[in-house]
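# Inside the fold
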Amino acid sequence: MRILFVGDVVGAVGRKMVGEHVRRIKAEQAIDLVIANGENAAHGKGLTYKIYNQLLDYGVDVITMGNHTFSKDVILNFIDDAEYLVRPMNLEPLEYGQYYKVVEVNGKKVCVCNIMCEVFMHNVSESPFACMEMILEDVEADIYFVDLHGEATSEKAAFANVFKNQVQVIVGTHTHVQTADERLIEQTAFISDVGMCGAYDSIIGRDVSEVLTRFLTSEKTRFTVAEGDGMFCAAVIEIDDNNHAVSIERIQIRPN
Ligand code: FE2
């Protein structure tokens, strides 16, 4: 089984990148399942129903989220009915949506789940380690895939070392910067951060001059999403018939 995971999709440029690349990569690399992080897909923060459907139309099978899950109130109108949307298990408020989705792929049950890290993150109700233990105990599946959403690479690597051989895929999101540490930890595929799909000439997807204003003066800014040519960051993970991860490869497409 081959899984394509697409890093944080940021705003209109990020969505355009998903539209341009996902179906092509799916065909070229014989991908069986596409998962994408959509927490920044609507104007850089949150998700709308229209954009949820747009990402599915572009070939994404399951959408994961992060700390911006509830940044747009409109998500409350559809999150409980969004069959292919997975929100972090330990992000407050806890009562909306689902924190895992089991999809059937090639006769295997794949549990896609979404968990927040704790270091430098807010509104996190419970340790990611405790969350993963609970999922492994409660959810029956052949393959477990985790989008681990957090800032600190050390926390994500620690998580991967705790759950190696129990969880097949652990991919980090949130920083928007792709790390070059993709590897197998025994039978588990791991990368600290997959990176983003968004404007290349930006600061993690946001307008450069506005972010500079924010850092260099005390002025409060809106963090406008950047425009221009896009980049596409993703990873392809292969899992063998014995449910062991056997490879993970990074994809990073930059403008010419
Ligand atoms: Fe995030």
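Right above here is the structure, for reference.
Residues numbered from 1 in each chain as written. Predicted model: local features only at pLDDT ≥ 70, side-chain atom pairs only at ≥ 80, totals over all residues. Heavy atoms only, no water.

This part takes up helix H2 (residues 49-57). Residues of H2 that are buried include every one of Ile51, Tyr52 and Leu55, and no others. Down the axis, H2 shows its buried residues gathered within 110° of arc, on one side only. Exposed and oriented more than 90 degrees from the buried face of H2 are Lys50 and Asp57. Buried-residue contacts for H2 involve strand E2 (8-9), helix H1 (11-28), strand E4 (62-64) and strand E5 (85-86). Just past H2, the residue glycine 59 takes up positive phi, approximately 110°. (Buried < 20%, exposed > 50% of the residue type's maximum accessible area, 1.4 Å probe, protein only. Helix = DSSP H or I, 4+ residues; strand = E, 2+ residues; numbered from the N terminus. Arc of directions from axis to C-beta. Contact = heavy atoms within 4.5 Å.)

So, about the packing of helix H3 (residues 128-138) against helix H4 (residues 153-163). Running from amino to carboxyl end, H3 crosses H4 at an angle of 30°, the nearest separation of the two axes being 11 Å. Read as a crossing pair, H3 and H4 show a hand that is right-handed. Residue-level contacts link Pro128, Phe129, Met132, Glu133 and Leu136 of H3 to Glu155, Ala158, Phe159, Val162 and Phe163 of H4. Of the residues contributing to the contact of H3 with H4, the split by class is eight nonpolar, no polar and two charged. (Axes fitted to C-alpha atoms, helices over the stretch in contact; angles between N-to-C directions. Left-handed = near helix turned anticlockwise from the far one by under 90°. Nonpolar A, V, L, I, M, F, W, Y, C, P; charged D, E, K, R; others polar.)

Read from one edge to the other, the open sheet built from six strands follows the order E6-E7-E8-E9-E11-E10, with strand pairing classed as mixed. Among the strands making up the open sheet, the edge pair consists of strand E6 (100-105) and strand E10 (183-185). Averaged over all adjacent pairs, the angle separating strand axes in this sheet is 25°, with direction ignored. Where strand E7 (residues 108-116) and strand E8 (residues 143-149) come together, seven bridges link them in parallel fashion. When the sheet's bridge partners are listed, valine 110 is paired in E8 with isoleucine 143. Lying on the sheet, H3 is in contact with E7 and E8; it crosses E7 at an angle near 160°. (Pairing = 2+ DSSP bridges.)

When you line up the elements, threonine 69 lands in the loop between E4 and E5. Of note is the side chain of threonine 69, whose polar atom sits 2.5 Å from the backbone oxygen of glycine 66. (Polar contact = N/O pair within 3.5 Å; in protein donor to acceptor, adjacent residues only side chain to side chain.)

What follows deals with the coordination of the iron ion. Glu39 (OE), Asn67 (OD1), His149 (NE2) and His174 (ND1) make up the full set of protein donors to the iron ion, lying at 2.0 to 2.2 Å. One way to put it: the four donor atoms around the iron ion meet at angles of 85 to 159°, and that makes the site irregular. Coordination of the iron ion draws on donor residues from a single chain, spaced E-x27-N-x81-H-x24-H in sequence. Here glutamate 39, found in the loop between strand E3 (33-37) and H2, pairs with histidine 149, found in strand E8; they are 110 residues apart in sequence, far enough to count as distant. Considered together, glutamate 39 and histidine 149 belong to a single accessibility category, that of buried residues. (Donors = N, O, S within 2.8 Å, 3.2 Å for Na, K, Ca; no water. Tetrahedral: all angles 85-135°; square planar, octahedral: opposite > 155°, others 65-115°.)

This brings us to the packing of aromatic side chains. For the structure shown, the criterion picks out nine aromatic pairs. Taken together, a centroid distance of 6.5 Å and an interplanar angle of 25° make the contact between phenylalanine 129 and phenylalanine 163 stacked. Within this pair, whereas phenylalanine 129 is found in helix H3, its partner phenylalanine 163 is found in helix H4, the two being separated by 34 residues in sequence. Among the residues examined, phenylalanine 129 registers a relative accessible area of 27% and is labelled partly exposed. (Phe/Tyr/Trp six-rings, centres within 6.5 Å; stacked < 30°, edge-to-face > 60°.)

Here strand E9 (residues 169-173) lies mainly inside the structure; five of its five residues are buried. Alternating residues of E9 divide into Val169, Val171 and Thr173 and Ile170 and Gly172, and every residue in both groups is buried. Two elements, E8 and E9, share five bridges in a ladder whose sense is parallel. The residue of E9 that forms the bridge with phenylalanine 145 is valine 169. Viewed along the sheet, the connection from E8 through H4 into E9 turns out right-handed. Alignment of E9 against strand E11 (residues 188-191), held across three bridges, turns out to be parallel. The residue of E11 that forms the bridge with valine 169 is alanine 189. (Right-handed = clockwise from strand over helix to strand, strands pointing away.)

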